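# Close look at the chain arrangement
Residues per chain, in single letters:
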Amino acid sequence: WLPTSRFGSSLMNSSSSPPQICASHPKFSFCSLHPSVVVLKKPNSMAREIEGKLTHLDEKGQERMVDVSGKSPTHREAVAEGILRLPEPVSEAIRTGALPKGDFYATARIAGILAAKQTSTLIPLSHPLPLEHVQVEVWFDQKQKICARAKVVTDAKTGVEMEALTAVTVALLTVYDMLKALGKGMELGPIRLQSKTGGKSGEYAVPSLFEEDNSSS
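The structure contained in this document is the topic of the report that follows. All chains use their own residue numbering, which begins from 1 and follows the written sequence. Only residues with pLDDT of at least 70 are given local features in this predicted model, and only at 80 or more are side-chain atom pairs given and counted; all residues enter the totals for whole chains, interfaces and linings. With hydrogens and water stripped out, all remaining heavy atoms of the structure feed into the side-chain values.

## Description of the overall build of the protein
In this text, helices come from DSSP runs of H or I with a minimum length of four residues, and strands from runs of E with a minimum of two, each type numbered from the N-terminal end. Scanning the protein for helices and strands turns up 6 helices and 9 strands. Buried residues are those whose accessible area, probed at 1.4 Å on protein chains only, stays under 20% of the maximum for their type, while exposed residues exceed 50% and partly exposed ones sit between those limits. Burial statistics for the protein: of 217 residues in total, 35% are counted as buried. By definition in these notes, contact holds between two residues if any of their heavy atoms fall within 4.5 Å. Counting contacts in the protein only where the partners sit at least 6 residues apart, residues at least 24 apart contribute 62% of the total. Working note: accessible area of the protein is about 12500 Å², and carbon and sulfur atoms make up 56% of it. Per-residue and other accessible areas follow the Shrake-Rupley method at a 1.4 Å probe size, with only the shown protein chains counted as cover for residues.

Following this line, the structure appears as structure tokens:
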């Protein structure tokens, strides 16, 4: 971690002596020899400052899979939603059925279900979970966007929020892949958790992404 100026350029060279630190900051230290120099703290020192807040870091700031061995399985559900915004030529092709790779809805739904089942392979620190139910919906809402919603259910020691988010993301990426020949200007997002139940943190819910998007359009 070399000292850098506040404009991002390195100020250390082979003849420079180590800086003398005269003031501290949660993330940076300031050098007494060069007032414009900022020394970034090492990652482990920053990790210790947030110890106990991020459960995927141990007391040394090292990544880990959270230990859930002492927990009892409970019923858990999660719903995620996402949007793929389309340029007008792509929307028109959907309306008229002029699609280069055919009907994408079924393919996107299956891709989302498969992705939910592979979440622990894709997301390094997530737990492999026995999924009891995965439902993925994909539809065109006539306002130049594709909408996707995924619901995932399990009886396990940890939640299925990541599985729901992964399902929605991969479903929409599959739509992008099947429509990209018509235009590369499609925009993915927002994607977010809409609700979850079960577990120590209890229930969580926000208004549907689609209701908010329609009200602002």
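On we go.
## A look at helix H2 (residues 88-96)
Within an α-helix, residues lying three or four positions from one another point in the same direction, as the helix has 3.6 residues per turn. By the burial criterion, the buried members of H2 are Val90, Ser91, Ala93 and Ile94. Down the axis, H2 shows its buried residues gathered within 160 degrees of arc, on one side only. In this structure, H2 carries Pro89 and Thr96 as exposed residues pointing more than 90 degrees from its buried face. For H2, the secondary structure elements touched by its buried residues are helix H3 (105-117), strand E6 (131-140), strand E7 (145-156) and helix H5 (161-179). Phi turns positive, to about 80 degrees, at Gly97, one or two residues after H2. An arc is given here, and it is the one of the directions from the helix axis to the C-beta atoms.

## Regarding the pattern of salt bridges
A side-chain nitrogen of Lys or Arg and a carboxyl oxygen of Asp or Glu constitute a salt bridge if their distance falls within 4 Å. Applying the stated rule across the entire model yields 7 salt bridges. Among the salt bridges present, the one from Arg149 reaches Glu81, with a minimum N-O distance of 3.2 Å. Note that Arg149 is positioned in strand E7 and Glu81 in strand E5 (residues 74-85), a separation of 68 residues in sequence. For Arg149, a relative accessible area of 24% corresponds to the partly exposed category. The class for Glu81 is buried, based on a relative accessible area of 1%. The residue Asp141 makes a salt bridge to Lys145 at a minimum N-O spacing of 2.6 Å. In the salt-bridge network here, residues are joined through shared partners; they are Glu81, Glu137 and Arg149.

## A few points about the sheet that holds E7
Two strands qualify as a pair provided DSSP detects at least 2 bridges between them. Across the sheet, 5 strands lie side by side as E6-E7-E5-E8-E9; this open sheet has antiparallel pairing. Taken across any chain shown, the strands that pair with only one partner, and hence form the sheet edges, are E6 and strand E9 (204-205). Two strands pair when backbone bridges link them, and E5 and strand E8 (residues 187-197) are joined in this way by 8 bridges, in the antiparallel orientation. Within E8, the residue paired with Glu77 across the bridge is Thr197. H5 contacts E5, E6, E7 and E8 of the sheet and is inclined by roughly 25 degrees relative to E5. Axis lines are fitted through C-alpha atoms, for helices just across the contact stretch, and the angle between N-to-C directions can take any value from 0 to 180 degrees.

## A few points about a nonpolar patch on the surface
Put simply, a patch holds well-exposed residues, over 30% relative accessible area, that have no salt bridge, with like charges counted together within 9 Å and Val, Leu, Ile, Met, Phe, Trp or Tyr side chains within 5 Å. On the surface, Leu122, Ile123 and Met162 cluster together to form a nonpolar patch covering roughly 240 Å² of accessible area. Relative to the assigned elements, Ile123 resides in the loop between helix H4 (119-122) and E6. By relative accessible area, Ile123 is classed as partly exposed at 30%.

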